[in-house]
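# Residue-level structural notes
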Amino acid sequence: MKITVLDGNALNPGDLSWSQVEKFGSLTVYPRTLPEDVVSRIGDSDAILLNKINITEEVLSKCPNLKYIGVQATGYNGP
């Protein structure tokens, strides 16, 4: 399984280990991701973890392998 973290610094500023997540597959952690880089960074990932990034319908349509989106935050984006 390919796992991608799009904004690792928001989830883990450096004081925690990613080893528990690495047990589930190949892990790539990006400290921060700009909106225009989301699709290229997710690529063919099976799972993503994020905090500040918005995943839109357009992003989902370009990432057919994506099976899991883990939002590591509280709250929601509402109208």
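Predicted, not measured: the structure shown is a model, and the values here were computed from it.

## Comments concerning the pattern of salt bridges
Applying the stated criterion to the full structure yields 3 salt bridges. Between aspartate 46 and lysine 67 there is a salt bridge whose closest N-O contact spans 2.8 Å. Linking aspartate 46 in the loop between helix H3 (38-42) and strand S3 (47-50) with lysine 67 in the loop between helix H4 (57-61) and strand S4 (68-71), this pair joins segments that are 21 residues apart in sequence. Judged by its relative accessible area of 18%, aspartate 46 is buried. The residue glutamate 58 makes a salt bridge to lysine 62 at a minimum N-O spacing of 3.0 Å.

## Examining the pairing of S3
For a regular strand, side-chain orientation follows a simple rule: the groups alternate between the two sheet faces. Judged by which residues are buried, S3 turns out to be covered on both faces: Ala47 and Leu49 on one side and Ile48 and Leu50 on the other are all buried. Sheet topology places S3 next to S4; 4 bridges connect them, and they run parallel. Bridge assignment links leucine 49 to a residue of S4, and that residue is glycine 70.

## Points about the nonpolar core
In terms of nonpolar packing, the biggest core is built from 9 residues, these being Leu6, Val38, Ile42, Ile48, Leu50, Ile53, Val59, Cys63 and Leu66. Looking at this core, the elements with two or more residues in it are H3 and S3. With near-sequence residues (within four places) excluded, cysteine 63 lies in contact with Val39, Ile42 and Gly43. Within the second largest apolar cluster, 6 residues are counted, among which are Val5, Leu11, Leu27 and Ala47.

## Thoughts on the sheet that holds strand S2 (residues 26-29)
The strand order across the open sheet built from 4 strands is S2-S1-S3-S4, with neighbouring strands paired in parallel fashion. The outermost strands of the open sheet, each flanked by one partner alone, are S2 and S4. In this sheet, adjacent strand axes meet at a mean angle of 15 degrees when their direction is disregarded. As judged from the 4 bridges shared by strand S1 (residues 2-5) and S2, these two strands associate in the parallel manner.

Reading the values: rules and limits
All residue numbers refer to positions counted from 1 along the written sequence of the respective chain. Local features are withheld for residues below a pLDDT of 70 in this predicted model, meaning they are given only at 70 or higher, and side-chain atom pairs are given and counted only at 80 or more; totals for whole chains, interfaces and linings count all residues. In computing side-chain values, all of the structure's heavy atoms are included and hydrogens and water are not. Salt-bridge detection follows one rule: a side-chain nitrogen of Lys or Arg within 4 Å of a carboxyl oxygen of Asp or Glu. Only DSSP runs of H or I covering at least 4 residues are called helices, and only runs of E covering at least 2 are called strands; the numbering of each starts at the N terminus. Exposed residues in this analysis have more than 50% of their type's maximum accessible area, buried residues have under 20%, and partly exposed residues fall in between, with area computed by a 1.4 Å probe over protein chains only. At least two bridges found by DSSP between two strands is the condition for calling them paired. Residues belong to a common nonpolar core when they are buried Ala, Val, Leu, Ile, Met, Phe, Trp, Tyr or Cys residues joined through side-chain atoms within 4.5 Å. Between two residues, a contact is recorded if the distance between any of their heavy atoms is within 4.5 Å. To obtain an axis, a line is fitted to C-alpha atoms, over the contacting stretch when the element is a helix, and the angle between two such axes runs from 0 to 180 degrees between their N-to-C directions.

Such coordinate-based values are descriptive only and should not be taken to indicate function.
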